[in-house]
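# Overview (structure and organization)
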Amino acid sequence: MGMTSRERIGTAQHTDDLGEVGLEEIGDVDIVRACGWAGQKNPLGLSIWRWRYGGDQRELPRVAWGLIGRGHDPEVVARVLAHLIDDVCRPCEGRGYETVAGTPMLSDTICLHCQGTGRAPLAGEREKEVMETIARLEREIAGAIMRRLAREIGEL
Ligand SMILES: [Zn+2]
């Protein structure tokens, strides 16, 4: 199986036509059911999960409003979500190295903006708080889905 369990759970959200379920897809239905169950207690966590691992862009406004509803500043939330959508380091365009002045060639000098990672660092204490909230909600929803699945599998 090429997909990670995260991706699998994410894409299972798109199983809209549950009427045509084959034997091999029963697992996805179990996942959809487990997600629905876990999402009742943690709707924001499920929205984050669907957005980040299922690629469902419709969840983005729900994620934004959910975070704002938890007391995070709207502008900070917007910056963090923009960062999650695209965190390529602008000065080095994600290459991690500075270019040789006046040429398109990469130098041996590591980009100071991203320390050579090619990913823009997320600055700001309040931004980090939002990231921590997102990470915690992801852990909680993942844990709840896995526990539910384990229980359902146990009952089969
Ligand atoms: Zn850089």
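In what follows, the structure referred to is the one given above.
To keep things clear, this report deals only with the structure shown in the data block. (Residues numbered from 1 in each chain as written. Predicted model: local features only at pLDDT ≥ 70, side-chain atom pairs only at ≥ 80, totals over all residues.)

## Looking at the nonpolar core
Which entries qualify depends on this criterion: Buried Ala, Val, Leu, Ile, Met, Phe, Trp, Tyr and Cys residues whose C-beta atoms connect them within 7 Å together make up a nonpolar core. Burial in this document is a count-based property: other C-beta atoms within 10 Å of a residue's C-beta are tallied, and the residue is buried at 20 or more, exposed at 12 or fewer, or partly exposed in between, with C-beta positions derived from the backbone. In DSSP terms, a helix is any run of H or I states spanning at least four residues, a strand is any run of E spanning at least two, and both are numbered starting from the N terminus. C-beta atoms are first placed from the backbone for all residues, and any pair lying within 7 Å is then listed as a contact.
Counting residues in hydrophobic clusters, the biggest one holds 20 residues, and the most contacted among them are Ala-34, Cys-35, Ala-38, Ile-48, Ile-141 and Ile-145. Listing elements by their share of this core, those giving two or more residues are helix H2 (26-41), helix H3 (43-54), helix H4 (60-69), helix H5 (74-85) and helix H6 (125-155). Here this core takes seven residues from H6, the largest share from any one element. Those residues within four positions of Ile-48 in sequence are excluded, and the remaining contacts are Val-63, Ile-134, Leu-137 and Glu-138.

## Examining the packing of H4 against H5
Filter applied, for reference: Helix axes use the C-alpha atoms of the stretch in contact, all axes being lines fitted to C-alpha atoms, and the angles between their N-to-C directions lie in the range 0 to 180 degrees. An angle below 35 degrees is read as roughly parallel, one above 145 as roughly antiparallel, one from 65 to 115 as roughly perpendicular, and any other as oblique. The sense of a crossing depends on the near helix, which, turned anticlockwise from the far helix by less than a right angle, makes the crossing left-handed and, turned clockwise, makes it right-handed. In this classification, Asp, Glu, Lys and Arg are treated as charged, Ala, Val, Leu, Ile, Met, Phe, Trp, Tyr, Cys and Pro as nonpolar, and every other residue, Gly included, as polar.
Look at H4 against H5: their axes get within 9 Å of each other, and the N-to-C directions meet at 140°. One finds that H4 runs oblique with respect to H5. Note on packing geometry: the crossing formed by H4 with H5 is right-handed. In this structure, H4 contributes Leu-60, Val-63, Ala-64, Leu-67 and Ile-68 to the contact, and H5 contributes Pro-74, Val-77 and Leu-81. In terms of residue class, the contact of H4 with H5 is built from eight nonpolar, no polar and no charged.

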